[in-house]
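# Coordinate inspection notes
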Amino acid sequence: MTTYRPLTTDTVEAWLDDHPTLRAAVPGSPLHVREVGDGNLNLVFIVRDDPAHAGLVLKQSLPWVRVFGEGWPLTVERARHEADAYAAYQAFAGDVIPAYHGFDPTWYVIAMEDLAGLRVWRGALNDGEVHAGAAGALGRFVARLAFHTSVFGMKPEALKRQAALATNPELCRITEDLVFSEPYTVHEHNWHHPGMDRVVAGLRADVAVRTEVAALKHHFMTTAEALIHGDLHTGSVMVGGGRTVAIDPEFAFYGPVAYDLGALWANAAIAAVRAAVLDRPADFRAHVADILPVSWAAFTGELWQRWPGRVDPFLTDAFLERWLASVWGDALGYAAAKAVRRMIGFAHVTDIETLEESARTVAAATVVRIARRLLLERDGLGDPKAAWSVVTEEIARS
Ligand code: SR1
Ligand code: MG
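These numbers were taken from a predicted model, which means no experiment stands behind them.

Two numbers describe how helix H10 (residues 257-277) lies on helix H11 (residues 282-289): the axes approach to 9 Å, and their chain directions differ by 165 degrees. For the element pair H10 / H11, the angle class is roughly antiparallel. The way H10 lies across H11 gives a crossing that is left-handed. Residues Ala268, Ala271, Ala272, Ala275 and Ala276 of H10 form the contact with H11, whose participating residues are Phe284, Arg285 and Val288. Each residue belonging to the contact of H10 with H11 can be placed in one class, and the counts come to seven nonpolar, no polar and one charged.

Following this line, the structure appears as structure tokens:
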């Protein structure tokens, strides 16, 4: 089997027969193979000897966008970027990434840990589950990648070589278009609930909003700080049994660290709006409200902890203070852009789309109001309390 073809549940076992090291992890036959990919892009197979026990996960990129079909071609190279990101993150991320077992560059298949017993965080939040350690683990994860893949923790020559290999133009282009440009224009990819027509028209006509988003897009396209995850929303995180795992780093590239935090915070705000609509209990709403402050405290705390080990002592403590302040403001901006795209762009989220029809428009409009204020007021939002008060105020208004 030497040429690329999309795998199926029927061909996975034969593929594994050609990969003896991986086959040793699931030696039985016939294997139990389920395709469980629920993201926008790829095939994901859970392969087990015994359906009740963890086996192996195989993830394969398709030469198109899965949820759109062959009419939207997309390079299969994204699987290599994901594999390379896992390989780089292994050195410092501990069990906050899945155990990585290797990459087949012909079939564009990544082999990794079967996270049996864990579930996607978005679904857990949708169901009102509390996973107390998740926000802290993710804040520390972003800090670690911000340190260990950047000039903070790498020699400049090695960093530049790694950054060159991590150039990920096709996936960056998706973000540049789907997150930053398209939601603010009339584009065939976009859709929204009919009750949102006025909100959407107002946002698109708002020159101040467009200028802020243009500045964020420019920042995203020109800032090469660290090997960021690139798509760290709650659908790219698995939780359970006290463990938090960041998955799906196929959008990884040398980009702005603030983008990963912004992705997380956008989805925290969206989860908060859902929780309010569903009148979830106070402890769950407090848990969602903690995601931003807890992840930010974990992020800054972890960076300060690693800071004495930085490669270049010319970068002073005062510099780190200044850099963190810029990350804070940029992350709020990215959170706003990421929230808007999930309400009026191509890829929406189940947090909102599984609400009752009548609640969806109100919820989506609330998210857009939150995002607009974060975008335009972020210079005056100096700390997590101030930032989250925008979320609670707009929820109270809806
Ligand atoms: C065409 S891909 C749409 C979205 O799915 C991924 O999860 C990324 O967020 C991307 O923007
Ligand atoms: Mg993904």
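Attention now moves to the sheet that holds strand S6 (residues 100-104). Ordered in space as S1-S2-S3-S7-S6, the five strands form an open sheet in which the pairing is antiparallel. Two strands in the sheet have a free side with no partner beyond their single neighbour: strand S1 (32-35) and S6. When the angles between neighbouring strand axes are averaged without regard to direction, this sheet yields 20 degrees. The pairing of S1 with strand S2 (residues 42-48) spans four bridges and is antiparallel. Residue Val33 lies in a different strand from S2, and its bridge partner there is Val47. In this fold helix H3 (residues 78-93) packs onto S2, strand S3 (56-61), S6 and strand S7 (109-113), with an angle of close to 150 degrees to the strand it touches most, S6.

Here we take up the domain arrangement of the protein. The domains assigned to the protein are domain 1 (12-113) and domain 2 (119-397). Of note, the centres of domain 1 and domain 2, computed from C-alpha atoms alone, are 26 Å apart. Across the contact, 24 residues belong to domain 1 and 31 residues belong to domain 2. In total, domain 1 and domain 2 occlude about 2,300 Å² of area from one another, counting both sides; carbon and sulfur atoms represent 65% of this. Summed over the shared surface of domain 1 and domain 2, the result is five salt bridges. Note that Asp248 is salt-bridged to Lys59, the shortest N-O span being 2.5 Å. At the junction of domain 1 with domain 2, the criterion picks out twelve residue pairs in polar contact (both at pLDDT 80 or more).

Counted at 1.5 Å a residue, the expected span for helix H9 (residues 207-222) with its 16 residues is 22 Å, and the 22 Å between its end C-alpha atoms agrees. Considering only its buried residues, H9 is in contact with helix H7 (169-181), helix H8 (197-205), strand S12 (253-255), H10, helix H13 (317-344) and helix H15 (357-377). Capping the start of H9, Asp206 holds a side-chain oxygen 3.1 Å from the backbone nitrogen of Ala208, two or three residues further along.

As a structural note, the neighbourhood of ligand 1 is formed by Asn40, Leu41, Val65, Trp72, Ile174, Leu178, Asp231, His233, Phe251, Arg341, Arg342 and Phe346. Taking Asp231, its side chain carries an N or O atom lying 2.8 Å from an oxygen atom of ligand 1. For ligand 1, whose accessible area on its own is 320 Å², the fraction buried by protein is 95%. Elements represented by at least two residues in the shell around ligand 1 include exactly H7 and H13. Across the shell around ligand 1, the residue classes tally to seven nonpolar, two polar and three charged. Structurally, the shell around ligand 1 is a two-domain feature, drawing no fewer than three residues from each of domain 1 (12-113) and domain 2 (119-397).

Conventions we followed
Residues numbered from 1 in each chain as written. Chains lettered and ligands numbered in written order. Predicted model: local features only at pLDDT ≥ 70, side-chain atom pairs only at ≥ 80, totals over all residues. Heavy atoms only, no water. Axes fitted to C-alpha atoms, helices over the stretch in contact; angles between N-to-C directions. Helix = DSSP H or I, 4+ residues; strand = E, 2+ residues; numbered from the N terminus. Parallel < 35°, antiparallel > 145°, perpendicular 65-115°, else oblique. Left-handed = near helix turned anticlockwise from the far one by under 90°. Contact = heavy atoms within 4.5 Å. Nonpolar A, V, L, I, M, F, W, Y, C, P; charged D, E, K, R; others polar. Pairing = 2+ DSSP bridges. Domains from an automatic or database assignment. Buried area = accessible area lost by both parts, 1.4 Å probe. Salt bridge = Lys/Arg side-chain N within 4 Å of Asp/Glu carboxyl O. Polar contact = N/O pair within 3.5 Å; in protein donor to acceptor, adjacent residues only side chain to side chain. Expected span 1.5 Å × (residues − 1). Near = heavy atom within 4 Å. Areas by Shrake-Rupley, 256 points an atom, 1.4 Å probe, with all protein chains shown as cover.

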